[in-house]
Amino acid sequence: MADTRKCVFCGRGKVTLEHVWPHWIIELIAERFTDTSVTVTWGKDRERIAPGPDATVKRVCNACNNGWMSRLEDRAKPILGPMIMGDNIPITLAPSSQRTLASWALKTALMLDFLHSGSKPVFPASAYSSFFRDGQPSRRTAIWMACLWERRLRLFTSSQSIATADPPAYTREGVVVGGRAFENGSLCTLAAQAAVFQVALFPENSAPIRAVPDPRGAVHIWPPAHVAVNWPVNGTVYDDAALQAFSKRTVTISV
């Protein structure tokens, strides 16, 4: 039976095979990559082993794959490559580089969601079409950057549904009042060797995000702050246990 699915991004075109992890990253770490499987977690207690770092899915058309997605990888590669392998650090990332990394992180998180075979996707279909339409993350997306100090070669992804709300207000008696709740958010954490990103996305009918504080030290790169930031980030994700904890943390966002 012919595959009649349309591209998840543009909604047109016949879908073709596309690497979930970008092929250039697989090639970059191939000589030193010793683990032939990739751990994938989603929700709070479900886990599976993905087929391997070179897993492919048929969800994207040739025009998107070899067009804007390829151009985004070309822009991200010279910035992200040294971060992945821990070369030439510390690195100062200009606002333009942060925008490129934020777009790359969202695109990759959206593709990684297809590794969760047999489960309900974490990201809604509208996340793909809006990203294609706007060419960048929306103002309802928050993206952080962190560093994995434990130098064991690995690829990692974890996804879960989340909810957030306005900061609470209190009466003089200490009673919590007000505060709008936003449901059906999506949180994806992805790590390629030393480079760690976390993407939080909320529905289009939620309020734009104003601030994305992280007291544990992760640096937010979206919404744009228009200032240079330094990488690596100290003390945020230093080993496997810390990466797991970071991937399942509670997100605090002001809207």
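Conventions used here
- Residues numbered from 1 in each chain as written.
- Predicted model: local features only at pLDDT ≥ 70, side-chain atom pairs only at ≥ 80, totals over all residues.
- Heavy atoms only, no water.
- Axes fitted to C-alpha atoms, helices over the stretch in contact; angles between N-to-C directions.
- Helix = DSSP H or I, 4+ residues; strand = E, 2+ residues; numbered from the N terminus.
- Parallel < 35°, antiparallel > 145°, perpendicular 65-115°, else oblique.
- Left-handed = near helix turned anticlockwise from the far one by under 90°.
- Contact = heavy atoms within 4.5 Å.
- Nonpolar A, V, L, I, M, F, W, Y, C, P; charged D, E, K, R; others polar.
- Buried < 20%, exposed > 50% of the residue type's maximum accessible area, 1.4 Å probe, protein only.
- Pairing = 2+ DSSP bridges.
- Core = buried A, V, L, I, M, F, W, Y, C linked by side-chain atoms within 4.5 Å.
- Salt bridge = Lys/Arg side-chain N within 4 Å of Asp/Glu carboxyl O.

(A) Spatial organisation of the packing of helix H3 (residues 68–85) against helix H4 (residues 95–112). Relative orientation of the contacting elements H3 and H4 amounts to 115°, with a least axis distance of 9 Å. Taken together, H3 and H4 sit at an angle that is classed as roughly perpendicular. Crossing handedness for the pair H3 and H4: left-handed. Residue-level contacts link Trp68, Met69, Leu72, Glu73, Arg75, Ala76, Ile79, Leu80 and Met83 of H3 to Ser97, Thr100, Leu101, Ser103, Trp104, Lys107 and Met111 of H4. Grouping the constituent residues of the contact of H3 with H4 by class yields ten nonpolar, three polar and three charged.

(B) Geometry of unusual backbone geometry. For the bond from tryptophan 222 to proline 223, the omega torsion is 0°, close enough to zero to count as cis. Summarising the element assignment, proline 223 is placed in the loop between strand S12 (219–222) and strand S13 (229–231). Note that the residue after tryptophan 231, namely proline 232, is joined by a cis bond; omega there is 10°. Along the chain, the position of proline 232 falls in the loop between S13 and helix H6 (240–247).

(C) Summary view of the environment of isoleucine 25. Here isoleucine 25 shows up in helix H1 (residues 23–29). Judged by its relative accessible area of 0%, isoleucine 25 falls in the buried class. Separated by 60 residues in sequence, isoleucine 25 and methionine 85 place their C-alpha atoms 9.9 Å apart. In contact with isoleucine 25, other than residues within four places in its own chain, are Leu80, Ile84, Trp104, Leu155 and Ala192.

(D) A look at the pairing of strand S6 (residues 141–147). Within S6, seven of the seven residues are buried, which leaves it mostly tucked inside the rest of the structure. Side-chain alternation along S6 places Thr141, Ile143, Met145 and Cys147 on one buried face and Ala142, Trp144 and Ala146 on a second face that is also buried. Where S6 and strand S11 (residues 195–201) come together, seven bridges link them in antiparallel fashion. Looking at S11, one finds that threonine 141 is bridged to leucine 201. Pairing of S6 with S12 involves three bridges; the strand directions are antiparallel. Bridge pairing in S12 links methionine 145 to valine 219.

(E) Spatial organisation of the nonpolar core. Membership of the largest hydrophobic core comes to 55 residues, with the highest contact counts inside it found for Phe9, Leu80, Met83 and Phe197. At nine residues, the largest contribution of residues to this core is made by H4. Excluding anything up to four places from it in sequence, phenylalanine 9 contacts Val60, Cys64, Trp68, Met69, Leu110, Met111, Tyr128, Ser129, Phe131 and Phe132. Counting 17 residues, the second-largest nonpolar core is a separate cluster that includes Leu187, Val196, Phe202 and Ile209.

(F) The pattern of salt bridges, seen in detail. Scanning the model with the defined rule gives two salt bridges in all. In this structure, glutamate 73 and lysine 107 form a salt bridge, with 2.3 Å as the shortest nitrogen-oxygen distance. In this pair, glutamate 73 sits in helix H3 while lysine 107 sits in helix H4, placing the two residues 34 residues apart along the sequence. An identical accessibility class is assigned to glutamate 73 and lysine 107; each is buried. Of the charged contacts in the structure, one is a salt bridge between arginine 133 and aspartate 134, with a shortest N-O distance of 3.0 Å.

Just geometry here; none of it tells us what the structure is for.
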